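Observations on the model geometry
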Number of protein chains: 2
Amino acid sequence: MQMEQLGKIAREAGILLAATDTKTRNAGLLAIAKALEENTYAIVAANLADMKRSQEEKLGAPLLKRLTFDADKINDVIEGIHSLIELTDPLGATKLSTQLDEGLDLYKVTCPIGVIGVIFESRPDAFVQISTLCLKSGNAVLLKGGREALETNRILAKIIHEATASVGLPTNWIQNLETREDVTAMLALDQYIDLIIPRGSNHFVQYIMNNSNIPVMGHADGICHVYAHEDANLAQAVAIIVDSKTQYVAACNTLETLLVNEKIAAALLPTLKTALEAKGVHIKGDPATQAIIPVEAATEVDWKTEYLDYILSIKIVPDLAAAINHINTYGSGHTDVILTTTEATAQTFMTLVDSAGVFWNCSTRFSDGFRFGFGAEVGISTGKLHARGPVGLDGLLSYKFKLLGHGQCVADYASGKSHFTHVAQKTDCPI
Amino acid sequence: MQMEQLGKIAREAGILLAATDTKTRNAGLLAIAKALEENTYAIVAANLADMKRSQEEKLGAPLLKRLTFDADKINDVIEGIHSLIELTDPLGATKLSTQLDEGLDLYKVTCPIGVIGVIFESRPDAFVQISTLCLKSGNAVLLKGGREALETNRILAKIIHEATASVGLPTNWIQNLETREDVTAMLALDQYIDLIIPRGSNHFVQYIMNNSNIPVMGHADGICHVYAHEDANLAQAVAIIVDSKTQYVAACNTLETLLVNEKIAAALLPTLKTALEAKGVHIKGDPATQAIIPVEAATEVDWKTEYLDYILSIKIVPDLAAAINHINTYGSGHTDVILTTTEATAQTFMTLVDSAGVFWNCSTRFSDGFRFGFGAEVGISTGKLHARGPVGLDGLLSYKFKLLGHGQCVADYASGKSHFTHVAQKTDCPI
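Since this is a predicted model, take the numbers as computed values, not measurements. One numbering rule holds for all chains: residues counted from 1, following each sequence as written. Each chain takes a letter, starting from A, and each ligand takes a number, starting from 1, following the order in which they are written. Side-chain atom pairs in this predicted model are given and counted only at pLDDT of 80 or more, local residue features only at pLDDT of at least 70, and totals for whole chains, interfaces and linings cover all residues. To get the side-chain values, all heavy atoms of the structure are used, and hydrogens and water are removed first.

So, about the interface of chain B and chain A. Should any heavy atoms of two residues lie within 4.5 Å, those residues are counted as being in contact. Between chain B and chain A, the residue contacts involve 77 residues of the former and 77 residues of the latter. Salt bridges are identified by distance alone: a Lys or Arg side-chain nitrogen within 4 Å of an Asp or Glu carboxyl oxygen. The tally of links from chain B across to chain A stands at six salt bridges. By the criterion applied in these results, polar contacts are pairs of N or O atoms within 3.5 Å in which, for protein atoms, one can donate a hydrogen and the other can accept it, and in which residues neighboring in sequence qualify only through two side-chain atoms. Here chain B and chain A share 47 residue pairs in polar contact (both at pLDDT 80 or more) between them. In DSSP terms, a helix is any run of H or I states spanning at least four residues, a strand is any run of E spanning at least two, and both are numbered starting from the N terminus. With eleven residues, the single largest contributor to the side of chain B that touches chain A is strand β16 (residues 397–408) of chain B. Only Asp, Glu, Lys and Arg are considered charged in this grouping, and only Ala, Val, Leu, Ile, Met, Phe, Trp, Tyr, Cys and Pro are considered nonpolar; every other residue, Gly among them, is considered polar. Class assignment of the residues belonging to the side of chain B that touches chain A gives a composition of 42 nonpolar, 22 polar and 13 charged. Note on pairing: DSSP must find at least two bridges between two strands before they are called paired. Bridge analysis of strand β16 (residues 397–408) of chain A against strand β13 (residues 357–362) of chain B gives five bridges, and the strand direction is parallel. Residue pairing in the sheet places A:Q408 in a bridge with B:C362 of β13(B).

Put into structure tokens, the structure is as follows:
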């Protein structure tokens, strides 16, 4: 089918999906969970074919690991679906209710965004997670997974499609795209698609942003900082810095630049160097850092670099203001941490640092939808509009204004015959 | 000053403004209100110069009317500022609070978007309304008003700048742009500007969207519909249709296409024709309409046209589903109304019509920030992300995740030594 036609039928299905009730959408989720369980062998077989082909194509070990979709991982996504079923229906929630006049009531009510295009990496678990999040939130979805997972995604799409059709959900709410040409064609369908979520490298996300008129939700870079203030607890600081840098180096919420107050630098850096080097971290430092510990020189380029590797740059700063200024200048607005024992200092930092996550005395690595308790995440946004930070179900919602009247006309209010009351109400929209 | 420098100092001012308290921002608003009152003569004099020049340039009467900023209009905006002062502080509100673990608390807290660029028409009232909305919500703003209002906007910018500086607010939070070249330069400043709000023609908004990487909030078209169902109250239907079409024809929330259920067409159309023609409305109709009342033929082009004029197209539809399908195909997602005496019918319409405003038994013309009770509006959004429909203070907010810990590291949760509790809390963020 042509992409334009796919977009059109996805939009039609999305409109019908938006009108389904919680019970039906949850029945669909349950049917998916059951079908995944019943078809575990077939899914594993498809995944083994993807693995075999990818091994022949010399795919690297980390990518092969991400591509693996065995019985354990299938069980994990099934568990995830059961948690999703338990969540309150995100649709139809009244966010605002105002009596404009007697018998003229305004309600702001949550609804799905519509049709979402998601382009993601080679993890087949992502296919199930994203599509079930979209179903729970009533959005139609076009998915394009990694080429490596072709067979796995194909069988997952078939299973999800059939399972949801079996409970009476609109067919066509989920579409599995398989080629790059489909993605290119999708980027032009701004009349049918409401949001693109690209997951992948910074370069890839930028490419999508530059090549579509459809709004894009994604993150550019993850240049995260920890700032150790002069009154930081030293032992705690070492532990948090080591965790932020080494717990998983390839993640966007990993520490890249450490800022150290000059009053604490001599006490902190030698111990920290030993702890980081024990984990295999290569340290680069500004001249002030080099005056305390023997490390390679860090330059301007380092402050702008997302290493995604066992490398850490360190800069010594005179005070809190300099730390905040460095972060707002070189950071990417992802996650930044202050280590301090003073609440007022933490407050200043958290107010003035312009980032999605501003943390006090804990690891940057907590910046994640699962750890935040969102159940699952669609991605992490470094934009400030719509959704910021880890994006869960909430990020997949829009709203409508429902106005319930009894024949009111604006001319009567303009002439002064009628008057607005504008009384805030606590009632849910009755229809 | 170069635009890039202006963007940079606006961002710096925005970060400081985000950290100000309600009291200071409200003091700034009060200072603006006082200064506008004290400088009424100077403002009127500047406006008279703009009026004189525009008359010499043969500006049309409706535009001259919009350009006028006399003592009455100044009083109106001063009143608007006093209402804004009364509103609760939109910043620092805790929207979500979750205990991730003992002593590890997550808060989602509202904050300003940052720096907003607004390009608007020739109404000087808009200059004051937009800048005070931005101040209340802690956003820095770059304003470019209509060329016709040059002198008026210049003195308003000076007054607002001085008034807010006098209460200790960061200078540079408001910048007045005066040339088209400034606008072009502003569109490239995606490192400093977070949101562009263009107000004006559909063509203009599209131009901005196509020429900037900065997110744009605006509305494309306003092709609004009224659908008269078979059980509509006839007298009410005539009144609402006339109001929707004629109360102010040049607005985006004005009715453009009327859909009539075939069972009610013969009873409704003749009376309606008389009422509309009495107001000077030219009617176009599909063949079924023409079979009932003598009117010009409407074609496919009419269903896609925003007339912004005393013209109405009418189509007769067999049922509710056909009406919904027409609206979702040809509408612009702005505001659509159903006239029916049956709640279930209204509910189906309001659920399936994919528009920002879905109204029952009242005029399309209520779709407006002032009428909705938002105090003032920045614009109306037909996009579904971030803000939809009339946009008030809420649309100028983003949020941050504040995580308050006591030394927690992710490695302990990954190893199973610690466990997430994920308990929803009702507490406000303490810092």
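With that out of the way, let us pick up the domain arrangement of chain A. As a measure of interface size, the accessible area lost when the parts come together is often cited. Residues and elements named next belong to chain A. Segment limits for the domains were obtained from an automatic or database-derived domain assignment. You can read the domains of chain A as domain 1 (3–217 + 384–396) and domain 2 (224–366). Taking the mean C-alpha position of each, domain 1 and domain 2 sit 36 Å from one another. On the side of domain 2, four residues touch domain 1, which itself brings four residues to the contact. For the pairing of domain 1 and domain 2, the buried interface totals around 300 Å² over both sides, and the portion due to carbon and sulfur atoms is 33%. In terms of surface lost to domain 2, no three residues of domain 1 exceed R66, K384 and R388, which account for 80% of the buried area on that side. Where domain 1 meets domain 2, there are two salt bridges. The tally of links between domain 1 and domain 2 comes to two residue pairs in polar contact (both at pLDDT 80 or more). Partitioning the side of domain 1 that touches domain 2 into residue classes produces no nonpolar, one polar and three charged. Two parts placed together each lose some accessible area under a 1.4 Å probe, and adding up what both lose gives the buried area.

Turning our attention to the sheet that holds strand β4 (residues 140–144) of chain B. Residue and element names in this part refer to chain B. Taken together, four strands build an open sheet; the order of strands is β5-β4-β3-β6 and the sheet is parallel. Bordering the open sheet on either side are β5 (174–177) and β6 (195–198), each of which pairs with just one other strand. Neighbour-to-neighbour, the strand axes of the sheet open up by a mean angle of 15 degrees, direction not taken into account. Where strand β3 (residues 115–119) lies against β4, five bridges are found, and the strand directions are parallel. By the bridge assignment for β4, G117 is matched with L142. Relative to the sheet, helix α1 (residues 3–18) contacts β3, β4 and β5, its axis offset from that of β4 by approximately 140 degrees. Lines are fitted to the C-alpha atoms to define the axes, a helix being fitted only along its stretch in contact, and any angle between axes, read from their N-to-C directions, falls within 0 to 180 degrees.

Two modes of strand pairing occur in sheets, parallel and antiparallel, and in both the strands are linked by backbone hydrogen bonds. With mixed pairing, eleven strands are arranged side by side in an open sheet as β10(A)-β9(A)-β11(A)-β8(A)-β7(A)-β12(A)-β13(A)-β16(B)-β2(B)-β1(B)-β17(B). Each of the sheet's edge strands pairs with one partner strand only, and the pair in question is β10 (296–297) of chain A together with β17 (423–424) of chain B. In this sheet, strand β11 (residues 311–317) of chain A lies alongside strand β9 (residues 282–285) of chain A in parallel orientation, the contact comprising four bridges. Of the residues in β11(A), the one forming a bridge with A:G285 is A:I314. Along the sheet, helix α10 (residues 234–246) of chain A makes contact with β7 (224–228), β8 (255–261), β11, β12 (335–339) and β13 (357–362) of chain A together with β16 of chain B, crossing β8(A) at roughly 160 degrees.

Take the confidence of the model for chain A next. The pLDDT value expresses, per residue, how confident the predictor is, ranging between 0 and 100. Averaged over every residue, the pLDDT of chain A is 95; residues scoring 70 or more account for 100%. Overall fold confidence for the complex sits at a pTM of 0.91, while the interface term, ipTM, reaches 0.92.

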